[in-house]
Amino acid sequence: MTRMIMRRLLIGVFVMWGAASLIFVIVRAAPGDPASVLLGPDASREQVARLNASLGLDRPLLVQYVGYLGDVVRLDFGESHRLARPAMGAVFERLPATLELTLAATALAVIVGLTLGLVAGGRPDGIVDRVVSATTVALQSFPTFWVGIMLILLFALGLRLLPSAGVGTPAHMVLPAVTLSLPFTAIVARLTRSSVVEAMREPYVTTARSKGLTETQVLLGHALRNSLIPVVTIVGLQMGALMGGAVIVENVFAWPGLGSLIVDAVANRDYAVVQAATLLIAGVVMVLNLVADLLYTRLDPRIRMDGGS
Amino acid sequence: MPENPAGALLQVADLVVDLPGGKSDLRVVDGVSFDVPAGTTVGLIGESGSGKTMTALAIIGLLPGGAATGGQVVWRGEDLLHAGPTRRRRVRGHEISMIFQDPLAALNPTQRIGRQVGEILRRDGVPRGEAGRRVVELLDRAGVPDPVRRAREYPHQFSGGMRQRAMIALALAGRPSLLLADEPTTALDVTVQARILRLLRSIQERDGLAMLLVSHDLRVVAHVAGQVVVMYAGRVAERGPARQVLDRPAHPYTRALVRSVPAVRTRTALAHPLPGAPATPANRPAGCPFHPRCPLARERCRLEVPAIREVGPDRWSACHFAEEVLP
Ligand SMILES: Nc1ncnc2c1ncn2[C@@H]1O[C@H](COP(=O)(O)OP(=O)(O)O)[C@@H](O)[C@H]1O
Ligand code: SF4
Ligand SMILES: [Mg+2]
């Protein structure tokens with residue numbers, strides 16, 4: 001078990017390095033540079049060049065890259081020239097709001113998706129199954145921002161039940177969390193359904209039935225746990241995509257998390273903040289994946305034994 | 001039709017099983033009849049695909065979805081095929097249990113052996129501690145050494161033979177009167193096979209359990225069964241007392257089957273494998289389904305389905321010319 005965790009952490013270091021390098025290249029490849037954004041369209045060439053030099057951006061890319069990696073290793077993530085403060089500090093401030101949103105969406109997706117998938121898979125081709133199948137296909141094909149806007153129109157502007165934007169009360173969380181969770185709920189429901197259907201065909205389910213259990217007892221006592229194995233894996237993997245989705249949803253609902261910070265930072269060529277936020281998201285996703293893996297080994301005793309303890 | 005209705009715990013009468021097939025339904029069991037008297041072992045033999053498993057699943061009520069049944073499965077005088085789903089469910093595990101060919105697949109990989117063996121007890125309201133003791137006792141009686149420790153292990157930590165022993169303990173937990181054993185030794189090593197068979201036999205004798213032992217292997221049935229039912233292409237070819245049927249078959253198919261196995265008849269040293277391929281329910285030949293492979297086949301065999309009839313004391317054969325086969 002510890003060996004597995006060590007191995008995953010080592011892989012994680014490489015993933016982080018990859019993420020850091022990729023975003024380093026991407027922010028610099030994008031047109032525009034921090035100085036011209038900061039100084040505005042009226043600034044002279046010399047002014048821009050001077051500011052870029054003082055930000056260290058006139059050095060050869062490779063030198064900048066090596067310097068950046070060295071800083072990251074020393075846990076120095078640079079200064080935000082725009083906010084005039086350490087970039088990671090600004091990012092950390094926004095992390096809780098994003099995590100809150102992501103976790104709420106995950107909890108919603110897992111609870112609703114698992115329940116729907118179980119009921120649908122317990123009776124394939126039943127009414128629930130057909131409704132769930134049709135709905136989930138539809139949900140997965142709508143873009144998140146569009147769903148968000150539709151929900152705002154319906155529940156905030158139309159029915160006036162929920163606030164459309166901002167933070168403060170738990171009610172503020174409902175629309176963004178639901179928006180973020182919908183496509184994820186669809187994935188969880190579909191996956192749970194298919195793995196429940198598959199599990200219900202397993203010989204050990206026939207054994208369970210031969211004990212005189214009811215279908216519900218068979219479903220919850222035998223098929224559920226085995227169907228959870230692929231679901232947990234997907235939840236772990238999808239957490240990354242979910243944090244990406246959060247960036248969009250936060251902007252639709254003016255949710256003060258990493259998403260709105262990143263969009264601001266990109267617009268202003270605030271390289272340090274973009275880089276710090278990317279690294280932090282990569283790190284969080286990595287930890288979540290590891291948690292999913294540990295959960296997965298808890299669920300399947302055959303794996304638990306192989307890795308040694 | 002049943003010979004001794006008073007003594008029979010289970011009477012299968014004209015059982016028909018139709019499975020949904022590609023274009024039309026497939027009749028995989030076609031008019032099968034036999035009795036299982038209380039406390040006896042009946043062997044059900046036939047090549048792979050002859051409908052043995054479907055017969056057993058029809059008895060315990062676990063046929064795949066979409067299957068349709070006909071005839072009767074009379075259990076202690078009650079026709080289970082026409083009983084309600086709740087009654088059928090109550091019979092399973094408590095009156096009729098089943099063990100399967102592949103014990104690894106038949107056990108839940110994510111649950112400890114003890115929990116699986118004791119599940120039926122817990123569902124019946126036996127307190128945890130008492131159920132735990134009974135599980136240890138059941139495993140011990142099924143010949144699992146060190147049962148206290150092994151009850152806490154998972155199926156993948158068991159060997160093939162031990163898994164089947166655990167499966168037997170699981171099947172006996174609800175104190176059934178009939179055990180359906182579907183190819184219980186087919187997936188096991190030869191040496192382990194003999195031990196499992198001996199175990200089944202001793203449990204059957206000690207507990208007065210009735211057993212339907214399903215196997216494609218004559219030797220397995222010859223060792224354990226009192227009566228045998230020989231199936232071919234979903235129908236009964238022959239049935240009668242095991243010794244007599246194997247020593248003096250009354251059906252050319254049984255005779256060919258016996259000759260294909262060297263050890264059953266000590267007089268023949270060489271095995272004579274069955275010619276041709278077994279008939280399947282999808283393309284069952286007209287008339288006697290065995291006629292394309294039968295050395296005695298003639299015109300009548302191709303035209304007329306042979307009905308099963310008594311050809312000697314307690315000897316039943318579905319061959320037009322059974323008298324020619326019987327020595
Ligand atoms: N799920 C199924 N759907 C359709 N046909 C099946 C199914 N399972 C088995 N069969 C067919 O039913 C026939 C009888 O199968 P089975 O009872 O398993 O035979 P046996 O146990 O004697 O080997 C076979 O011809 C097989 O092809
Ligand atoms: S009925 Fe005819 S074909 Fe069938 S077993 Fe008897 S002799 Fe052979
Ligand atoms: Mg079979």
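Each value, and the rule that gives it
- Residues numbered from 1 in each chain as written.
- Chains lettered and ligands numbered in written order.
- Predicted model: local features only at pLDDT ≥ 70, side-chain atom pairs only at ≥ 80, totals over all residues.
- Heavy atoms only, no water.
- Helix = DSSP H or I, 4+ residues; strand = E, 2+ residues; numbered from the N terminus.
- Rg over C-alpha atoms; globule rule 2.2 N^0.38 Å.
- Buried < 20%, exposed > 50% of the residue type's maximum accessible area, 1.4 Å probe, protein only.
- Contact = heavy atoms within 4.5 Å.
- Areas by Shrake-Rupley, 256 points an atom, 1.4 Å probe, with all protein chains shown as cover.
- Lys, Arg positive; Asp, Glu negative; His and termini not counted.
- Charge placed at Lys NZ, Arg CZ, Asp CG, Glu CD.
- Near = heavy atom within 4 Å.
- Polar contact = N/O pair within 3.5 Å; in protein donor to acceptor, adjacent residues only side chain to side chain.
- Nonpolar A, V, L, I, M, F, W, Y, C, P; charged D, E, K, R; others polar.
- Buried area = accessible area lost by both parts, 1.4 Å probe.
- Salt bridge = Lys/Arg side-chain N within 4 Å of Asp/Glu carboxyl O.
- Core = buried A, V, L, I, M, F, W, Y, C linked by side-chain atoms within 4.5 Å.
- UniProt positions renumbered as here; feature names shortened; annotations may be inferred.
- Pairing = 2+ DSSP bridges.
- Axes fitted to C-alpha atoms, helices over the stretch in contact; angles between N-to-C directions.
- Phe/Tyr/Trp six-rings, centres within 6.5 Å; stacked < 30°, edge-to-face > 60°.

Some points on the overall build of chain B
Then, in step 1: Scanning chain B for helices and strands turns up 13 helices and twelve strands.
Then, in step 2: Computed over C-alpha atoms, the radius of gyration of chain B comes to 20 Å, within 12% of the 20 Å expected from 2.2 N^0.38 for 327 residues, which places it in the range of a compact globule.
Then, in step 3: If one aligns the C-alpha atoms of chain B with their principal axes, the spans along those axes are about 65 × 50 × 40 Å.
Then, in step 4: The proportion of buried residues among the 327 residues of chain B is 57%.
Then, in step 5: Residue pairs at least 24 apart in sequence account for 63% of intrachain contacts in chain B once pairs closer than 6 positions are excluded.
Then, in step 6: Counting only carbon and sulfur atoms, one obtains 52% of the accessible surface of chain B, whose full area is about 13,800 Å².
Then, in step 7: Side chains of chain B give 43 positive and 32 negative charges; the mean places of these two sets differ by 5 Å.

Description of unusual backbone geometry
Then, in step 1: Look at D125 of chain A: it is not a glycine, yet its phi comes out positive at around 70°.
Then, in step 2: Positioned with a positive phi, D146 of chain B is a non-glycine residue whose angle comes to about 55°.
Then, in step 3: Of note, D146 of chain B is situated in the loop between α5 (128-141) and α6 (147-150).

Concerning the site of ligand 1
Residues and elements named next belong to chain B.
Then, in step 1: The environment of ligand 1 is made up of L19, V28, E47, S48, G49, S50, G51, K52, T53, M54 and P281.
Then, in step 2: The separation between an oxygen atom of ligand 1 and a polar main-chain atom of G49 is 2.7 Å.
Then, in step 3: At 2.9 Å, a backbone N or O of M54 approaches an oxygen atom of ligand 1.
Then, in step 4: In the complex, the protein chains occlude 65% of the 560 Å² of accessible area that ligand 1 would expose alone.
Then, in step 5: Ranked by residues supplied to the shell around ligand 1, first place goes to helix α1 (residues 52-60) with three residues.
Then, in step 6: The residue makeup of the shell around ligand 1, split by class, is four nonpolar, five polar and two charged.

A look at the interface of chain A and chain B
Then, in step 1: Facing the 21 residues of chain A at the interface are 25 residues of chain B.
Then, in step 2: Taken as a group, T207, S210 and K211 of chain A account for 27% of the area that chain A buries against chain B, more than any other trio of residues on that side.
Then, in step 3: Joining chain A to chain B, the criterion identifies one salt bridge.
Then, in step 4: Of the charged contacts, one joins E119 of chain B and K211 of chain A as a salt bridge, the two residues approaching to 2.7 Å between their closest N and O atoms.
Then, in step 5: Taken together, chain A and chain B are joined by eleven residue pairs in polar contact (both at pLDDT 80 or more).

Side note on the nonpolar core
Then, in step 1: Ranked by internal contacts, the top residues of the largest apolar core, which has 76 residues, are L15, I59, I96, L139, L178, L180 and L212 of chain B.
Then, in step 2: Per-element tally for this core: the top contributor is helix α7 (residues 160-172) of chain B, with eight residues.
Then, in step 3: Residues contacting L178 of chain B, with those up to four places away along its chain left out, are L9, L10, V36, W75, E95, I96, S97, L209, A210, M211 and L212 of chain B.
Then, in step 4: In this structure, A105, M173, V231 and A292 of chain A belong to the second largest nonpolar core, which totals 42 residues.

So, the pattern of salt bridges
Residues and elements named next belong to chain B.
Then, in step 1: Counted under the stated rule, the structure contains 30 salt bridges over all chains.
Then, in step 2: Two residues, R302 and E299, come together in a salt bridge whose shortest N-O distance is 4.0 Å. In this pair, R302 and E299 are both assigned in helix α12 (residues 299-303), three residues apart and thus about one turn of the helix distant.
Then, in step 3: In this structure R302 comes out as partly exposed when scored by relative accessible area, which is 40%.
Then, in step 4: Through salt bridges with shared partners, a single ionic network connects R76, E78, R87 and E95.

Thoughts on helix α9 (residues 203-210) of chain A
What sets the pattern is the α-helix's 3.6 residues per turn: residues three or four places apart point alike.
Then, in step 1: Residues of α9 of chain A that are buried: Y204, V205, T207, A208 and S210 of chain A.
Then, in step 2: Next to the buried residues of α9 of chain A lie α8 (170-200) and α10 (215-253) of chain A together with α1, β6 (96-99), α3 (103-106) and α7 of chain B.
Then, in step 3: Two residues or fewer after α9 of chain A comes G212 of chain A, characterised by a positive phi angle close to 85°.

Observations regarding the site of ligand 2
Then, in step 1: Contacts to ligand 2 come from H251, P252, C288, F290, H291, C294, L296, A297, C301, C319, H320 and F321 of chain B.
Then, in step 2: Considered class by class, the residues forming the shell around ligand 2 number nine nonpolar, three polar and no charged.

A short note on the UniProt feature "domain: ABC transporter" (unreviewed entry) in chain B
Then, in step 1: Here the UniProt feature "domain: ABC transporter" (unreviewed entry) sits at residues 10-258 of chain B.
Then, in step 2: Between the first and last C-alpha atoms of residues 10-258 of chain B the distance is 27 Å; the span itself is 40% helix and 26% strand.

Things to note about the sheet that holds strand β4 (residues 68-75) of chain B
All names here are of chain B.
Then, in step 1: The strand order across the open sheet formed by four strands is β2-β1-β4-β5, and the pairing between neighbours is antiparallel. Each edge of the open sheet carries a strand with a single partner, namely β2 (26-37) and β5 (78-79).
Then, in step 2: Contacting β1 (8-19), β2 and β4, α1 runs over the sheet at an angle of about 115° to β1.

A few points about the UniProt feature "transmembrane region" (unreviewed entry) in chain A
All names here are of chain A.
Then, in step 1: UniProt records the feature "transmembrane region" (unreviewed entry) for residues 101-121, 142-162, 174-192, 228-253 and 273-296 in the present numbering.
Then, in step 2: Overall, residues 142-162 shows 71% helix and 0% strand. The separation of its end C-alpha atoms is 22 Å.
Then, in step 3: Secondary structure content for residues 174-192 is 100% helix and 0% strand, while the C-alpha to C-alpha distance between its ends is 24 Å.

Some details on the packing of aromatic side chains
Residues and elements named next belong to chain A.
Then, in step 1: This structure, assessed with the given rule, holds six aromatic pairs over all chains.
Then, in step 2: Here F14 and W17 contribute two aromatic rings whose centre-to-centre distance is 6.5 Å and whose plane-to-plane angle is 75°, an arrangement assigned as edge-to-face. Note that F14 and W17 are positioned in helix α1 (residues 2-29) at a spacing of three residues, about one turn of the helix.
Then, in step 3: Classification of F14 as exposed rests on a relative accessible area of 53%.
Then, in step 4: Its relative accessible area of 46% is what places W17 among the partly exposed residues.
Then, in step 5: Judged by centre distance (5.5 Å) and plane angle (20°), the rings of F24 and Y68 are stacked. Of the two residues, F24 is situated in helix α1 and Y68 in helix α4 (residues 61-73); the sequence distance between them amounts to 44 residues.

Digging into the side chain of Q275 of chain A
Then, in step 1: Structurally, Q275 of chain A can be placed in helix α12 (residues 271-299).
Then, in step 2: Among the polar contacts listed, one links the side chain of Q275 of chain A to the side chain of R28 of chain A, at a separation of 2.9 Å.

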